[in-house]
Amino acid sequence: MRLVVLIIGFVLLILVEFLRVYYIMPFPGSQEAETIQKAYWLNNNIIWVRLVCLVLVIYPFFYFFNRAGQTIKAILLVIFGFYAVIFYMFNFQYLADKMFLQPKKIVFLDSASNKVPGKQLVLGLTINDESRAYPIEIIGYHHQVRDEVGGEQVMVTYCTVCRTGRVFKPAVDGKPVSFRLVGMDHYNAMFEDKATGSWWRQVNGEAIVGPMKGKMLEEIPSQQMTLTEWLTEHPKTRVLQPDTTFNQAYESLEDYDEGKQKGRLERRDSLSWKEKSWIVGVQIGMDSRAYDWNDLQTAKIINDVVGELPVVIIANSDSSSFHSFVGAVDSMPLRFYVNTNLANTMIDSEGALWDFNGKCFAGKFKGAHLALVQSYQEYWHSWRTFHPHTTQYKLK
């Protein structure tokens, strides 16, 4: 009986350490199941679970150790050493915030001094006439960067496994909140707030377990495009620079922008509507719509209606940047077409000419600006998971 209790105790000790990490990291099979409640309970009660398991182990361990021969003692020490290794690995190496560290230096430079290549994709945002650009190959490693833009605190986030860039106000009920990366839920990065220990999804800023469950972080509008395109539209932008401490980590994402990663989590499916296919997602009220990236590159301009709102999605000539606007002026719906006479411009159904920044520069609506629509480039598996009622646009 003592031997059975000893074996069960050691198996449980190893199992709980493994499950604590398995449930919230992208191990095979871990992210498809609905295990977040189990993961949260285990994370919050791990000390008590360990103590119960140790109580099972301690007495039979010393019983056999004091009475057995050298061979049994050696086996017991090997088993205990194996647990010690497991404990170290799953508490000091495989936890998300130990694998993906926060930057030690946050440096921004203006366009004249910037060292980030113009072809790199960035998340750009403007608050109170102050613009910033955050390269996603930098944010993608750190998962979040805290900053102040236009006098407001911002939390710039990116999940490379979902290809989701989001910017939030790091506050709940008006109170500032600090977050750490804790793991993943359905392959999406998940943050834990320092104040209550609640877990929040990166894809939409929703608290899914813990005291804050059901609360939502306020999203700040942002756009994804190449740095060159962003600087063309916002020349006074300051650009986040790489922290040289993490050069090797950034190099592991060197081909991420172009979809050339080889791993199962960050690769790109070149065919449409596959798990790792790129889409552009739009959510307006309760209505969501997904547009295949390949279709957008073929059509260059897609006119559609989401809910009751006319939208126009535009692919830039660099094949990396895109824009989404309300396809109407003063509530007058318009249809837009590629202007074959002038690059990176379009013509509307009234004959007016527009640039790809949504500004009319000739014709009936000269001087008007199209309103931005928040949209995201994302993996199809991610958009489908977190927008289960989404519809798919089919190019005619």
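Just above sits the structure.
It should be emphasised that the depicted structure is a prediction, and the values quoted were computed from it without experimental measurement.

What counts and what doesn't
Residues numbered from 1 in each chain as written. Predicted model: local features only at pLDDT ≥ 70, side-chain atom pairs only at ≥ 80, totals over all residues. Heavy atoms only, no water. Phe/Tyr/Trp six-rings, centres within 6.5 Å; stacked < 30°, edge-to-face > 60°. Helix = DSSP H or I, 4+ residues; strand = E, 2+ residues; numbered from the N terminus. Buried < 20%, exposed > 50% of the residue type's maximum accessible area, 1.4 Å probe, protein only. Lys NZ or Arg CZ within 6 Å of the ring centre and 35° of its normal. Salt bridge = Lys/Arg side-chain N within 4 Å of Asp/Glu carboxyl O. Pairing = 2+ DSSP bridges. Axes fitted to C-alpha atoms, helices over the stretch in contact; angles between N-to-C directions. Contact = heavy atoms within 4.5 Å.

**A short note on the packing of aromatic side chains**
Applying the stated criterion across every chain yields a total of 24 aromatic pairs. Considering the side-chain rings of F18 and F90, the 5.9 Å spacing of their centres and the 85° angle between planes classify their relative orientation as edge-to-face. Of this pair, F18 sits in helix α1 (residues 2–22) while F90 sits in helix α3 (residues 70–92), and the two are 72 residues apart along the sequence. F90 gets classed as buried once you look at its relative accessible area, which sits at 7%. Aromatic side chains F90 and Y94 sit 5.3 Å apart centroid to centroid with 80° between the ring planes, which places their arrangement in the edge-to-face category. Accessibility expressed as a relative area gives 31% for Y94, which makes it partly exposed. Three or more aromatic residues joined by ring pairs make a cluster, and in this case those are F18, Y22, Y23, F27, F90 and Y94. Over the ring of W278 we find R268; its NZ or CZ atom is 4.0 Å from the centre of that ring.

**Regarding the pattern of salt bridges**
Close approach of charged atoms lets side chains of opposite charge pair. Using the criterion set out here, one finds 16 salt bridges in the structure. Across the pair R132 and E130 runs a salt bridge whose closest N-O atoms are separated by 2.8 Å. Assessed through its relative accessible area of 26%, E130 is described here as partly exposed. Between E152 and K169 there is a salt bridge; the shortest N-O distance is 3.9 Å. Within this pair, whereas E152 is found in strand β5 (residues 152–159), its partner K169 is found in the loop between β6 (164–168) and β7 (171–172), the two being separated by 17 residues in sequence. On the basis of relative accessible area, E152 is assigned to the partly exposed category, the value being 27%. On the basis of relative accessible area, K169 is assigned to the partly exposed category, the value being 27%. Counted as one network, the salt bridges with shared partners bring together D97, K98, R180 and E192.

**Quick look at unusual backbone geometry**
At Y187, a position not held by glycine, the phi torsion is positive, near 70°. By the element assignment, Y187 lies in the loop between β9 (179–185) and β10 (188–193).

**Let's talk about the sheet that holds strand β12 (residues 207–209)**
The antiparallel open sheet is built from four strands, whose spatial order is β9-β10-β11-β12. The open sheet has two free edges, formed respectively by β9 and β12, since each of these has just one partner strand. Going from strand to strand, the sheet's axes swing by 40° on average, the running direction of each strand aside. Here β10 pairs with strand β11 (residues 199–201) via three bridges, running antiparallel. Counted as the bridge partner of E192 is W199 from β11. Here helix α2 (residues 36–67) sits on the sheet and contacts β9, β10, β11 and β12; the angle it forms with β12, its principal contact strand, is near 75°.

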